[in-house]
Amino acid sequence: MRHVLAAASALALMAGGAYAKELNIYNWGNYTNPKLIEKFEAETGIKVTITDYDSNDTALAKVKAGGHGFDIVVPTHTYVPIWISEGLLAETRPDQMENFKNMDAKWVDVDWDPGRHYTVPWQWGTTGVVVNTKYYSGDINTSAIFLDPPEELRGKINVVPEMGDVMVMAIMYAGGEPCTDDKEVLKKVHETLLNAKQHWLGMDYGNLEKFAKEDLWAGVNWNGSTFRMRLQNEAIAYGYPKEGYPLWMDSVAVLKDAKNMDEAKAFQNFVMDPENAALISEFARYANGISGSEAFMPEDMMTAPEIVIPEELKAAGKFNGTCAPETQALYTRIWTDLQK
Amino acid sequence: MSEQAAYRPGELEAEAQAADNRSRWMLALPAVVIITLAAAGPLMVMVVYSFLTPGDYGNVVWKFSLEGWMNTLVQRDIFDDTLIWADAHLSIFWRSFSLSLITTVLTLIFGVPTAWFIATQPPGKREFWLFLITVPFWTNLLVRTIAIQELLRSEGVINLVLLKLGIIDAPIQMMFTNFAIGFGMTYVYLPLMVLPVYAAVDKLDFRLVEAAHDLYAGRWTAFRRVILPLIKPGIIAGSILVFIPSLGAYVTPRVLGGGKNLMFGNLIELQFGQGRNWPLGAALSLMLMAAVMIALMWYVRVTSREQSDG
């Protein structure tokens, strides 16, 4: 027995030694295509380890605490300025990397990272509403789906507990701008949310199969996630609220204290290759920011109503900035009140 | 030294005693160090943080402030700046507290008969039943909770069976209700009640029960006056083991209750996460600890007084 164990551990050591180079990625759960990682490992010989997080704040708190051992993190655009100003990111200059030429020009000079000195697009999408059309056939391009729910959907609604997104949607529904600290608007938001909540069934993440199995009929959700729901249940549709809905982008950044700096930079360059970017989208079903990736994507990505925003609703989509801390504190209060 | 010892043998004994004590301390040392580092250390951090100012994006700024503590109970109104009771915190606390009480009572109702059943089995079979009680511990809590979802959901096992049997004609909404939370919590914490009560029933001298019957005690009287006082230590231990973790429970209420209403654990998490108010989070968790301590002291006092009265 002891010999077997010794042999096994020797093998394990050898296997570990086969990869001289490593890369530790810290990313959202259920978000990274295993095929993408296999391809990266095969091409570079770098062994990749992925750790999941479930919110931007979790990631930020963990990395700030130190001793995390991660090289790469994938924050949402509203958090990128925080990561930069807290001095957590390395200025890797993706704009000088080989594959930078593939980045869609409209994603280069973005507010959160002008000229792309730190980050590379991973995926971008929208936060909208999901509706099972078997139970409701009215207009779904409105936040009223969850803020003033139609009779048919009441009691079967789920709102993702993502304070930023939900507050922005409620504020725009009340006629305000994202990150507003206008007390009049916020008072209206507070009232609308508290009134609406009695019609909600849950405030939970990860509801793919609950929607597919029709435990839930409507709610707030992200477009790619809704796409994956529709693939399991054809009655599911995605709506773009005309009152306004958030746009977002998650970007690949390298941590300042990364132990594998070169490998991390190689990964940033790697995901800017169209074929690789297509792999990212193929899995999580969100658009990426790389031109030419369409050619490598599954057919259904080109025409999916969750990906292709209707022309007349394009203007309603907004990238919200990073709210001031005092404003954020107000939102937290409303959010706590909502769930008391 | 040896000269002295020869004259005063008592001292030698004391010396041996001291050495024995020292070695016992040495044996306990690793545990003491771990407890100090793992419990007292973070606790001190929490105490310090609760008196600081929140940083802009989480963390704390090293500036003294009582705001965190004050905000656990009173807050400025969002809209007109008047000081008001932090009713959100209080109602969330009350929700967690009553859920823990209900869970404790339910596990008592289901746990005591179970423990009694196991303890009165022939000795060879008890291990088997105890073994069954521990089976749920083999799986991760989250996995078990999600498995319960499969039972409760609209197209879940319970609804399908009831529909097939014609008892109901539309699925009952069980998931994301208080019933689901109570069901899940009772299931998760039941073993923590059964095991200590079993240990107490196992030690029960059944001749005392027979004696009570000989003295014309009915079944209820025998249970109340003889059995209950004897297994009380087990019930106390079980109640404490169930009540305390239930207060901080957060996975089960979230997954089965749908997360629409915060539990105290979620409220604390919110402050350290999206809320970015670590001092308030620290103050809230210390408040929870204080509440647990007070509840425990009260419970132990009341139950031990009854014991001496009885």
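Only a predicted model underlies this, so the values are computations on that prediction, with no experimental measurement involved.

## Examining the overall build of chain B
Argument step 1. Check the secondary structure of chain B and you find 13 helices and 4 strands.
Argument step 2. Taking 19 Å as the expected radius of gyration for a compact globule of 310 residues, we find that chain B reaches 26 Å, considerably beyond that expectation.
Argument step 3. Principal axes of the C-alpha set define a box for chain B whose edges measure 85 × 65 × 40 Å.
Argument step 4. Of the roughly 17900 Å² of accessible surface on chain B, a fraction of 69% belongs to carbon and sulfur atoms.

## A word on the state of the cysteines
Residue and element names in this part refer to chain A.
Argument step 1. By the definition in use, this model includes 1 disulfide over all chains.
Argument step 2. The disulfide bridge from Cys 179 ends at Cys 323, spanning 2.0 Å between sulfur atoms. Taking the torsion about the sulfur-sulfur bond, which here is approximately -85°, the covalent link between Cys 179 and Cys 323 counts as left-handed. Here the residue Cys 179 occupies a position in the loop between α6 (163-173) and α7 (183-197), and Cys 323 occupies one in the loop between β12 (317-319) and α13 (325-338), the gap between them amounting to 144 residues.

## Here's the deal with the UniProt feature "domain: ABC transmembrane type-1" (unreviewed entry) in chain B
Argument step 1. The residues that UniProt annotates with the feature "domain: ABC transmembrane type-1" (unreviewed entry) are residues 93-299 of chain B.
Argument step 2. Annotated as residues 93-299 of chain B, this span is 78% helix and 0% strand, and its ends, taken at the C-alpha atoms, are 19 Å apart.

## Describing unusual backbone geometry
All names here are of chain A.
Argument step 1. Positive phi outside glycine occurs at Asn 30, with the angle close to 55°.
Argument step 2. Tracing the chain through its elements places Asn 30 in the loop between β1 (21-28) and α2 (34-44).
Argument step 3. We classify Asn 30 as partly exposed; its relative accessible area is 49%.

## Overview of the side chain of Thr 32 of chain A
All names here are of chain A.
Argument step 1. Summarising the element assignment, Thr 32 is placed in the loop between β1 and α2.
Argument step 2. At 3.2 Å, the side chain of Thr 32 and the side chain of Asn 27 are in polar contact.
Argument step 3. Beyond its immediate stretch of four places on either side in the chain, Thr 32 contacts Asn 27, Ile 37, Ile 50, Trp 122 and Phe 283.

## A closer look at the nonpolar core
Most often, soluble globular proteins keep nonpolar side chains buried together rather than apart.
Argument step 1. Counting residues in each nonpolar core, the largest one holds 122 residues, and the members touching the most others are Trp 83, Phe 146, Leu 193 and Phe 267 of chain A.
Argument step 2. No other element matches strand β11 (residues 245-254) of chain A, which puts 7 residues into this core.
Argument step 3. Non-local contacts of Phe 267 of chain A, meaning those with residues more than four positions away in its chain, are made with Leu 23, Ile 25, Leu 36, Ile 37, Phe 40, Ile 72, Trp 122 and Val 252 of chain A.
Argument step 4. Core analysis: the second largest hydrophobic core is formed by 25 residues, Val 112, Ile 133, Val 201 and Leu 204 of chain B among them.

## Section: the environment of Ala 287 of chain A
Residue and element names in this part refer to chain A.
Argument step 1. Topologically, Ala 287 is positioned in the loop between α11 (274-284) and α12 (299-303).
Argument step 2. In the structure, Ala 287 is positioned 224 residues away from Val 63 in sequence and 27 Å away in space, judged by C-alpha atoms.
Argument step 3. In contact with Ala 287, not counting residues within four places along its chain, are Trp 122, Gln 123, Trp 124, Ser 281 and Ile 307.

## Quick word on a negative patch on the surface
Argument step 1. A surface patch of negative charge is lined by Asp 181, Asp 182, Glu 184 and Glu 326 of chain A together with Asp 56 of chain B.
Argument step 2. Assignment of secondary structure puts Asp 56 of chain B in the loop between β1 (53-54) and β2 (60-61).

## Regarding the interface of chain B and chain A
Argument step 1. Contacts between the two partners involve 39 residues from chain B and, on the opposite side, 42 residues from chain A.
Argument step 2. The three residues of chain B that bury the most area against chain A are Tyr 57, Lys 260 and Gln 274 of chain B, which together make up 23% of that side's buried surface.
Argument step 3. Viewed at the interface, chain A and chain B are joined by 5 salt bridges.
Argument step 4. The residue Asp 57 of chain A makes a salt bridge to Arg 276 of chain B at a minimum N-O spacing of 3.4 Å.
Argument step 5. In this assembly, chain B and chain A are joined by 18 residue pairs in polar contact (both at pLDDT 80 or more).
Argument step 6. Of all the secondary-structure elements, those providing two or more residues to the side of chain B that touches chain A are β3 (74-76), α4 (87-119), α6 (141-152), α11 (251-257) and α12 (264-272) of chain B.

## Examining the pairing of strand β2 (residues 46-53) of chain A
Within a regular beta strand, the side chains point alternately toward one face of the sheet and then the other, so they alternate between its two faces.
All names here are of chain A.
Argument step 1. Bridge analysis of β1 against β2 gives 8 bridges, and the strand direction is parallel. Note on β2: the bridge partner recorded for Leu 23 is Val 48.
Argument step 2. Taken together, β1, α2 and β2 form a β-α-β motif whose crossover is right-handed.

## Examining the domain arrangement of chain B
All names here are of chain B.
Argument step 1. As far as domains go, chain B holds domain 1 (1-49) and domain 2 (86-309).
Argument step 2. Summarising the inter-unit geometry, the C-alpha centres of domain 1 and domain 2 are found 38 Å apart.
Argument step 3. Summed over both partners, the interface of domain 1 with domain 2 buries about 450 Å², with 86% contributed by carbon and sulfur atoms.
Argument step 4. Among the residues of domain 1 in contact with domain 2, Leu 43, Met 46 and Tyr 49 are the three that bury the most area, contributing 91% of the side total.
Argument step 5. In this assembly, domain 1 and domain 2 are joined by 0 salt bridges.
Argument step 6. The interface formed by domain 1 and domain 2 contains 0 residue pairs in polar contact (both at pLDDT 80 or more).
Argument step 7. Taken together, the residues of the side of domain 1 that touches domain 2 break down into 4 nonpolar, no polar and no charged.

## Focus on the pattern of salt bridges
Argument step 1. Considering all chains together, one arrives at 22 salt bridges over all chains under this definition.
Argument step 2. For Lys 318 of chain A, the salt bridge is made with Glu 177 of chain A, and the minimal N-O distance between the two is 3.9 Å. Remark: Glu 177 of chain A occurs in the loop between α6 and α7 and Lys 318 of chain A occurs in strand β12; sequence separation between them is 141 residues.
Argument step 3. Between Asp 202 of chain B and Arg 126 of chain B there is a salt bridge whose closest N-O contact spans 2.8 Å. Of this pair, Asp 202 of chain B sits in helix α8 (residues 178-203) while Arg 126 of chain B sits in helix α5 (residues 123-134), and the two are 76 residues apart along the sequence.

## Focus: empty space enclosed by the protein
Argument step 1. Scanning all chains against the criterion turns up 3 cavities of 30 Å³ or more.
Argument step 2. In this structure, the largest cavity encloses a volume near 60 Å³.
Argument step 3. Looking at the largest cavity, the residues that line it are Asp 57, Leu 60, Ala 61 and Lys 64 of chain A together with Tyr 57, Gly 58, Asn 59, Phe 272, Gly 273, Arg 276 and Trp 278 of chain B.
Argument step 4. The element that contributes the greatest number of residues to the lining of the largest cavity is helix α3 (residues 56-65) of chain A, accounting for 4 residues.
Argument step 5. Quantified by volume, the second largest cavity comes out at close to 50 Å³.
Argument step 6. Lining the second largest cavity we find 13 residues, and of these Leu 201 and Asp 215 of chain A together with Ser 154, Gln 173 and Met 175 of chain B sit closest to its centre.

What counts and how
- Residues numbered from 1 in each chain as written.
- Chains lettered and ligands numbered in written order.
- Predicted model: local features only at pLDDT ≥ 70, side-chain atom pairs only at ≥ 80, totals over all residues.
- Heavy atoms only, no water.
- Helix = DSSP H or I, 4+ residues; strand = E, 2+ residues; numbered from the N terminus.
- Rg over C-alpha atoms; globule rule 2.2 N^0.38 Å.
- Areas by Shrake-Rupley, 256 points an atom, 1.4 Å probe, with all protein chains shown as cover.
- Disulfide = S-S within 2.5 Å.
- UniProt positions renumbered as here; feature names shortened; annotations may be inferred.
- Buried < 20%, exposed > 50% of the residue type's maximum accessible area, 1.4 Å probe, protein only.
- Polar contact = N/O pair within 3.5 Å; in protein donor to acceptor, adjacent residues only side chain to side chain.
- Contact = heavy atoms within 4.5 Å.
- Core = buried A, V, L, I, M, F, W, Y, C linked by side-chain atoms within 4.5 Å.
- Patch = residues over 30% accessible without salt bridge, like charges linked within 9 Å, V, L, I, M, F, W, Y side chains within 5 Å.
- Salt bridge = Lys/Arg side-chain N within 4 Å of Asp/Glu carboxyl O.
- Lys, Arg positive; Asp, Glu negative; His and termini not counted.
- Charge placed at Lys NZ, Arg CZ, Asp CG, Glu CD.
- Buried area = accessible area lost by both parts, 1.4 Å probe.
- Pairing = 2+ DSSP bridges.
- Right-handed = clockwise from strand over helix to strand, strands pointing away.
- Domains from an automatic or database assignment.
- Nonpolar A, V, L, I, M, F, W, Y, C, P; charged D, E, K, R; others polar.
- 1 Å grid on protein atoms, 1.4 Å probe; cavity = no way out; pocket = protein on both sides within 12 Å on 5 of 7 lines; lining within 4 Å.
- Points joined across faces, edges and corners; volume = space filled by probe spheres on them.

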